[in-house]
Amino acid sequence: MNNHASHPSGRLSRRWLRGRPHQRVRHHLQWPVIPAGRWLGRAAVLLGGVLFVVSAHAERSVTLGILSFESREVAEERWQPLVEYLDGEIDDVQIEGAIAGYAELDGLLENEQLDFLLTNPMHYVRLRDQYALSGALATLVPERQGERLRSFGGVAFTRAEHPEVSGWGDVPDHTVAAVHEDSLGGYQAQAMELKRRDLSMPTGDAIHFTGMPHRQVVDRVMGGEADIGFVRISVLERLWEEGELARDAVRIIGEQAYAGFPFVASTALYPEWPLVHLEEAEGQQSSIGREMTTALLRLGPDHPASRAAGIAGFSVPMDYEPVEELARALRLPPYDAPRALSRDELWDLYRTPLVAVSTALLVFAAMAFGLMVTNRRLKRARQQAEQATRAKSEFLANMSHEIRTPMNAVVGLSQLLLDTELNERQLDYLKKIQRSSRMLLGIINDILDFSRIESGQLELDTGPFDLGEVIDHLATLFSEAAREKEIELIYAIQPELPRMLVGDSLRITQVLTNLLSNAIKFTPRGGTVELEVREEAGAGSAAANIRFQVRDSGIGMDAEQLERVFQPFVQADASTTRRYGGTGLGLGIGRRLVERMGGDLEVTSQPGQGSTFFFTLQLPIGEVQGSAPAYPATRSRRGPLDVCHLETHEAHSGEVAIGQARAEPGEKAADCPKPSPSRVPDLTGFSILLVEDDAVNQEVATQFLEKTGARVRVAENGMAALDAVDDAEPDLILMDLQMPLMDGFEASRRLLETGCSRTIIALSAAVLDEDRRRAEAAGMRGLIAKPMEQEVLYATLMAELKPAAGAIRRPAQTQGAAAEPQQTHTDAAAPATLPAELPGFDRARGLEIVGGDQSTYARLLQLFKSQLPDYHASLIEPLRTDSVPDRQGLHRIAHTLKGSAASVCAVELGERASQVEAALKHDEAVSETQIDALEQALKEAEQVLRERMAPPPGGPLPFDERL
């Protein structure tokens with residue numbers, strides 16, 4: 001079948017796959033005396049005949065596979081003489097041997113590299129159907145203790161003094177030792193005896209597999225580690241003969257008596273190892289199979305090959321049906337799955353119903369075919385629709401992420417400008433910009449959440465949380481909005497609520513934020529909005545049914561509007577959208593989030609009487625760390641009074657409040673500040689490290705932080721952050737996640753490994769669940785989304801740093817702090833000149849990002865110009881030479897170039913870098929066209945900046961010198 005000269009090595013010895021340099025051509029040619037006139041013609045005929053005979057008798061190569069569990073040296077010494085014997089007995093055929101275990105032999109069979117196989121009976125049964133093996137050509141006759149046997153079986157035994165084991169019925173209740181579950185004589189034969197008696201084999205810790213040799217099983221039983229042992233026949237006799245085990249020390253379980261069989265046995269007998277021929281090879285080389293059988297039967301017990309192998313030779317093949325029956329009964333391969341009946345068996349069993357069914361199928365064949373075609377079309381259409389939905393969701397997620405980055409500058413700088421001196425018109429314009437940017441940011445967040453829900457990527461982040469902190473956070477967010485509309489915002493919180501719960505606090509806050517925002521938006525001036533949180537019965541002692549309810553006195557809805565209020569992109573009516581704004585996504589997202597958490601968001605409403613949205617979640621009760629104060633019903637309404645530095649008292653009813661007011665008249669507060677867009681905490685004395693690589697984000701975040709009076713240091717990547725913490729450990733670290741050299745994840749892990757105990761807060765424009773999980777895994781305590789909101793930032797700082805109660809910065813203090821960094825840059829060096837035109841750059845957009853500050857934009861361009869030459873060596877050259885050992889590193893460089901170009905509004909260069917980055921991210925080849933375009937854009941940007949941007953006096957100025 002195979003004419004190969006070698007096999008895969010593995011456990012195979014090269015001597016088993018040896019080649020032979022000669023051909024066995026045993027022909028002696030005698031030349032007759034031929035007249036000279038006829039010699040030439042007869043010579044040609046004779047030469048052709050010789051070539052035919054030589055080619056016909058050239059040696060063919062066949063391979064005999066032999067199963068062995070012994071070492072290579074021992075197996076070679078045992079089986080090499082048998083291979084040489086067969087090689088010498090069969091003319092014109094080169095016999096090669098391949099010794100291997102189960103896996104190696106299966107691999108050789110799969111690759112059609114074996115012609116004959118000598119293996120154990122169970123292995124033969126398993127391979128017979130899969131590899132089209134023939135019936136056995138011969139059966140091995142081993143010699144054990146001087147006895148020549150063609151059959152073997154198994155023995156079950158116990159210690160003679162064991163009082164509780166006498167027969168097979170006692171086996172299931174005791175521990176058993178065996179060599180391996182694949183051993184026919186040492187496990188499977190005994191399992192068959194239990195099966196015949198409807199007894200079960202011990203499992204789990206009650207069965208001990210010792211591995212070869214069988215002697216280990218005997219040692220386990222005699223040592224008391226197991227009650228019963230399973231071994232192959234002749235194992236006990238050999239130990240008795242060698243004096244290592246006394247005959248009366250063991251008791252045989254279920255001993256069988258077989259005429260002429262010299263060994264004790266507890267099971268039925270099964271045939272010894274077969275030698276088989278592949279049927280395909282048998283068809284091609286049938287004569288080799290016959291010659292192989294003849295040579296095997298001629299092998300005598302005194303031949304050196306027999307003595308080396310420890311056998312008495314081979315006999316005519318035995319019946320292997322008992323082995324197959326055992327495999328079927330025990331559900332062993334290939335019968336571990338239900339056997340498929342053949343066509344003839346099916347026909348015999350079900351002839352009458354099959355005829356009836358066939359007739360019916362003929363009637364419906366045309367209909368079935370039509371339905372099949374239709375289903376295929378529908379399936380294809382559904383797949384296309386699902387693919388389009390996934391593509392849409394991925395596009396929305398990517399676009400939302402890209403929009404958030406420039407929104408950081410819009411929201412942040414507008415908030416900073418509100419604290420500067422402005423005339424009335426400027427203040428009006430700026431407030432409109434801020435409201436519009438916040439509205440746009442809300443739409444972006446809704447689209448991002450909706451896309452993740454649609455694509456199935458939204459996952460819950462469950463963990464312990466403080467319900468009181470969630471309510472406090474909501475009070476901080478909505479107190480100013482309610483105050484502007486003169487709405488009474490009531491927090492009806494049940495005092496006995498469990499404080500620590502386990503759930504996704506971020507998603508619960510998101511749902512409640514949307515409900516409260518809608519309630520304030522749709523409630524007219526002077527109305528009422530109430531958040532009620534209470535516990536309902538029925539959850540048991542380990543959990544709590546928490547009902548959240550938001551009620552308003554707003555415009556309300558009719559029955560038709562209620563039916564579609566939770567549908568995406570749908571509002572009550574078109575006039576509502578025009579008057580109040582919004583996308584109609586919030587309630588749809590909220591309902592799906594509540595459903596993911598195991599609840600159901602519902603609503604009741606009447607036109608003109610307001611609406612009530614409510615849902616109930618069953619949340620496990622968490623462990624309280626320390627003493628948790630009870631819920632005060634008015635706690636969330638103290639904020640405005642704290643700003644005015646007023647001493648506050650609580651009352652449980654209106655009558656009690658009137659009595660307290662009459663008994664303890666207060667004093668007039670003379671210095672209560674005017675309401676401001678956000679309460680700036682006083683963090684004087686605290687040190688904060690900002691780790692951020694983007695220049696614009698550095699500027700915005702630094703302005704926010706310095707308004708608090710805290711000492712701010714800036715590091716541009718994770719490596720710099722490690723050095724900064726090593727110099728002086730701050731009180732809190734704000735860590736960007738995506739940075740060059742070392743990202744925020746790795747930097748946080750290293751800081752914690754080196755013993756840094758300070759809180760690390762993540763900063764990210766992605767705001768994906770994966771980022772949150774990775775940030776938590778790296779040791780970060782929370783995540784602040786970009787664009788950065790002052791309220792969220794300050795709430796996080798107050799929660800983590802815990803300044804003194806009522807420590808709020810006044811406007812004069814915040815303005816002085818905000819002006820300080822600008823003075824630092826002004827004093828450092830004279831600013832660079834910004835030209836009127838910058839080809840390839842969106843100058844207007846660049847100025848908009850930096851709040852119209854030309855000197856800041858010019859410094860950014862100078863810094864960008866100094867970085868551009870490095871990209872030729874770090875990015876262009878590796879792409880040109882196809883030297884890309886680290887595609888992830890090149891992707892990071894391309895990402896950095898894209899981000900830098902976006903920061904200074906280098907439009908063409910940013911687009912080219914984005915194309916290269918996308919190819920590297922998806923592990924695709926970067927085309928020459930893309931490389932050429934990127935290189936050209938780099939050169940053009942360098943030329944424009946070199947010709948039009950004059951450096952400041954004293955050379956280029958680094959953007960930030962505060963670290």
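It should be noted that the structure appears before, not after, this text.
Predicted model, so just to flag it, every value in this text is computed and none were measured. (Residues numbered from 1 in each chain as written. Predicted model: local features only at pLDDT ≥ 70, side-chain atom pairs only at ≥ 80, totals over all residues. Heavy atoms only, no water.)

Glancing now at the overall build of the protein. Of regular secondary structure, the protein possesses 33 helices and 26 strands. Counting only residues that meet the buried cut, the protein has 45% of its 963 residues in that class. Pairs at least 24 residues apart make up 75% of the contacts formed inside the protein by residues separated by at least 6 positions. Total accessible area computed for the protein in this model is approximately 49,100 Å², and 52% of it derives from carbon and sulfur atoms. (Helix = DSSP H or I, 4+ residues; strand = E, 2+ residues; numbered from the N terminus. Buried < 20%, exposed > 50% of the residue type's maximum accessible area, 1.4 Å probe, protein only. Contact = heavy atoms within 4.5 Å. Areas by Shrake-Rupley, 256 points an atom, 1.4 Å probe, with all protein chains shown as cover.)

In this structure, Asp743 sits in the loop between strand S24 (732–736) and helix H24 (744–753). Counting along the chain gives 51 residues from Asp743 to Glu692, while the straight-line C-alpha distance between them is 9.9 Å. For Asp743, the side chain forms a polar contact with the main-chain nitrogen of Phe745, separated by 3.2 Å. (Polar contact = N/O pair within 3.5 Å; in protein donor to acceptor, adjacent residues only side chain to side chain.)

The next thing to look at is the sheet that holds strand S7 (residues 154–159). Taken together, the 5 strands give an open sheet; going across it, the order is S9-S8-S10-S7-S11, and neighbouring strands pair in mixed fashion. Looking along the sheet, the strands with just one partner apiece sit at the ends: strand S9 (207–209) and strand S11 (250–253). Ignoring strand direction, the axes of neighbouring strands in this sheet form an average angle of 30°. Pairing between strand S8 (residues 176–178) and strand S10 (residues 228–232): 2 bridges, direction parallel. Bridge pairing links Ala177 to Gly229 in S10. Across the sheet, helix H5 (residues 184–196) touches S7, S8, S9 and S10, and the angle it forms with S10 is around 120°. Docked against the sheet, helix H6 (residues 215–222) engages S7, S8, S9, S10 and S11, running at close to 160° with respect to S10. (Pairing = 2+ DSSP bridges. Axes fitted to C-alpha atoms, helices over the stretch in contact; angles between N-to-C directions.)

Most of H5 is tucked away: 11 of the 13 residues are buried. A distance of 2.9 Å separates the backbone nitrogen of Gly186 from a side-chain oxygen at the start of H5, and that oxygen is part of Ser183. With its phi angle positive at about 60°, Asp198 sits one or two positions after the end of H5.

Here we come to the packing of aromatic side chains. Within this structure, the stated rule accounts for 7 aromatic pairs. Between Tyr124 and Tyr320, the aromatic rings sit 5.6 Å apart at their centres with planes inclined by 75°, giving edge-to-face as the arrangement. With a gap of 196 residues between them, Tyr124 in helix H4 (residues 121–130) and Tyr320 in the loop between strand S14 (311–315) and helix H11 (321–329) connect regions that are remote in the sequence. Summarising the burial analysis for this pair, Tyr124 and Tyr320 share the class buried. What links up through ring pairs into an aromatic cluster is the set Tyr258, Phe261 and Phe263. Over the ring of Phe566 we find Arg591; its NZ or CZ atom is 3.8 Å from the centre of that ring. (Phe/Tyr/Trp six-rings, centres within 6.5 Å; stacked < 30°, edge-to-face > 60°. Lys NZ or Arg CZ within 6 Å of the ring centre and 35° of its normal.)

What follows is about the packing of H4 against H11. Where H4 contacts H11, the axes come no closer than 10 Å and their chain directions differ by 75°. Considered as vectors, H4 and H11 are oriented roughly perpendicular to each other. For the pair H4 and H11, the contacting residues are Pro121, Met122, Val125 and Arg128 in the first and Val323, Glu324, Leu326 and Ala327 in the second. Broken down by class, the residue content of the contact of H4 with H11 amounts to 6 nonpolar, no polar and 2 charged. (Parallel < 35°, antiparallel > 145°, perpendicular 65-115°, else oblique. Nonpolar A, V, L, I, M, F, W, Y, C, P; charged D, E, K, R; others polar.)

Before going further, it helps to examine the packing of helix H15 (residues 467–484) against helix H16 (residues 505–521). At a minimum axis separation of 11 Å, H15 and H16 run at an interaxial angle of 25°. Comparing the axis directions of H15 and H16 gives the class roughly parallel. For the crossing formed where H15 meets H16, the hand is right-handed. Touching Val470, His473, Leu474, Leu477, Phe478, Ala481 and Ala482 of H15 are Ser505, Thr509, Leu512, Thr513, Leu516, Ser517 and Ile520, all from H16. (Left-handed = near helix turned anticlockwise from the far one by under 90°.)

Counted at 1.5 Å a residue, the expected span for helix H2 (residues 72–89) with its 18 residues is 26 Å, and the 25 Å between its end C-alpha atoms agrees. The set of residues buried in H2 consists of Ala75, Glu76, Trp79, Gln80, Leu82, Val83, Tyr85, Leu86 and Asp87. (Expected span 1.5 Å × (residues − 1).)

Within the fold, Gln188 resides in helix H5. Taking relative accessible area as the criterion, Gln188 reaches 3% and is therefore assigned buried. Residues in contact with Gln188, not counting those within four places in the same chain, are Met122, Glu181, Asp182, Ser183, Leu326, Leu330 and Leu332.

Turning our attention to the sheet that holds strand S16 (residues 488–493). One open sheet holds the 5 strands; their spatial order is S16-S18-S19-S21-S20, and the pairing between them is mixed. Two strands close off the open sheet at either side, each with one partner strand: S16 and strand S20 (602–606). When the angles between neighbouring strand axes are averaged without regard to direction, this sheet yields 15°. Inspection of the sheet shows strand S19 (residues 543–552) paired to strand S21 (residues 610–620) by 9 bridges, in the antiparallel sense. Along S21, the bridge assignment pairs Phe548 with Phe615. Against the sheet, H15 contacts S16, strand S18 (528–536) and S19, and its axis sits at roughly 170° relative to S16.

Below, the discussion takes up the nonpolar core. Grouped together as the largest cluster of nonpolar side chains are 80 residues, with contacts concentrated most on Leu86, Leu133, Leu236, Leu275 and Phe314. Considering every element that reaches this core, the biggest residue donor is H2, with 6 residues. Viewed by domain, this core spans two of them, domain 1 (60–146 + 272–330) and domain 2 (154–266), each represented by three or more residues. Setting aside anything within four residues of it in sequence, one finds Leu275 in contact with Leu64, Phe116, Leu117, Leu118, Ala136, Leu137, Ala138, Met292, Leu296 and Phe314. (Core = buried A, V, L, I, M, F, W, Y, C linked by side-chain atoms within 4.5 Å. Domains from an automatic or database assignment.)

Another point: the environment of Ser479. With respect to the secondary-structure elements, Ser479 resides in helix H15. Put simply, Ser479 and Leu489 are 10 residues apart on the chain and 7.5 Å apart in space, counted from C-alpha to C-alpha.

Another aspect to go through is unusual backbone geometry. The amide bond that connects Met212 to the next residue, Pro213, takes the cis arrangement and shows omega of 0°. Examined against the element boundaries, Pro213 turns out to sit in the loop between S9 and H6. Backbone geometry at Asp92 places phi at a positive 60°, although glycine is not the residue there. Looking at the secondary structure, you find Asp92 in the loop between H2 and strand S2 (93–100).

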